[in-house]
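Letter by letter, the chains look like this.
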Amino acid sequence: LQIPFFPPYQEPEVDFSTEAVQQLVSAVFGFSVASSQIMSTRPWIMKSWIASRYHNRNGVVWVGDAAHAFPPAGGFGMNTGLQDAHNLAWKLCALFKGQKKQNDRQNFVQRRENFLDSFERERRPVAMDNAALSVRNFNRVLKVMGQCYLNHKHPEFLKKALDMTPFVSLST
C-alpha cells in the first residue's frame with residue numbers, strides 16, 4: 001500500500017506510526033483490519049531519475065526500472081520499460097542472427113557496441129520525456145487537490161459527508 005506523505009505537514013514518526021498506518025489501512029478498506037500486521041513502513045520520495053548510461057562496455061544493459069523510475073502518475077514507467085525491452089529484444093535478435101552468418105568475434109563486439117549505443121540513443125530520450133510528463137501530471141494532481149482544499153484527512157470527512165447526504169433519484 002502506498003500512502004502519500006506531505007512534509008512539512010506530516011511527520012513520519014507521528015503520522016506513519018504502526019498504529020496510524022493501521023488506521024489508514026482500515027479506512028481504505030472501510031472496515032477494521034486488526035488481524036493484519038504492518039511489517040514495515042519506509043519513506044519514498046516522489047521523484048524521477050534516469051540512468052546516465054543504459055549499458056556498459058561489457059555488454060550489461062539496463063532496462064525498465066533499472067534504467068529509469070517515474071512517479072506513478074500516468075502509467076509511463078511500465079510502458080516505457082516494456083518499450084525498452086521490445087527495442088532491446090529485436091536489436092539482440094538482429095545482432096545474434098548476424099553473428100551466425102559471420103563468425104568473427106571482433107566484428108561481433110563492434111556490432112554489439114553499435115547496437116547498444118543505438119538502444120541508448122533511442123530509449124533514453126523517451127524516458128526523459130516520459131519522466132518529465134509524469135512529474136508534470138503528479139504536480140497537476142497536487143494543484144487540483146490544493147484547489148479543492150484536500151489533505152490526507154479529508155477523504156474520511158468526505159466519506160462521512162456523503163454518507164449523511166440523502167440522495168434523491170432524478171428519475172420520475
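Residues numbered from 1 in each chain as written. Predicted model: local features only at pLDDT ≥ 70, side-chain atom pairs only at ≥ 80, totals over all residues. Heavy atoms only, no water.

Glancing now at the overall build of the chain. When you go through the chain residue by residue, the secondary structure sums to five helices and two strands. Residues counted as buried form 24% of the 172 residues belonging to the chain. Counted over contacts in the chain with a minimum sequence separation of 6, partners at least 24 positions apart contribute 54%. With the model as given, the accessible surface of the chain reaches about 12800 Å², and the carbon-plus-sulfur share is 60%. (Helix = DSSP H or I, 4+ residues; strand = E, 2+ residues; numbered from the N terminus. Buried < 20%, exposed > 50% of the residue type's maximum accessible area, 1.4 Å probe, protein only. Contact = heavy atoms within 4.5 Å. Areas by Shrake-Rupley, 256 points an atom, 1.4 Å probe, with all protein chains shown as cover.)

Turning to the pattern of salt bridges, a few remarks are in order. Applying the stated rule across the entire model yields seven salt bridges. Between aspartate 84 and arginine 123 there is a salt bridge, with its nearest N and O atoms 2.7 Å apart. Taken together, the residues span a long stretch of sequence, with aspartate 84 in helix 3 (residues 76-101) and arginine 123 in helix 4 (residues 105-147) at a distance of 39 residues. Residue lysine 91 pairs with glutamate 122 through a salt bridge whose shortest N-O separation is 3.2 Å. Taken as a pair, lysine 91 in helix 3 and glutamate 122 in helix 4 lie far apart in primary sequence, 31 residues in all. (Salt bridge = Lys/Arg side-chain N within 4 Å of Asp/Glu carboxyl O.)

What makes aspartate 84 buried here is its relative accessible area of 0%. For aspartate 84, the side chain forms a polar contact with the side chain of arginine 123, separated by 2.7 Å. (Polar contact = N/O pair within 3.5 Å; in protein donor to acceptor, adjacent residues only side chain to side chain.)

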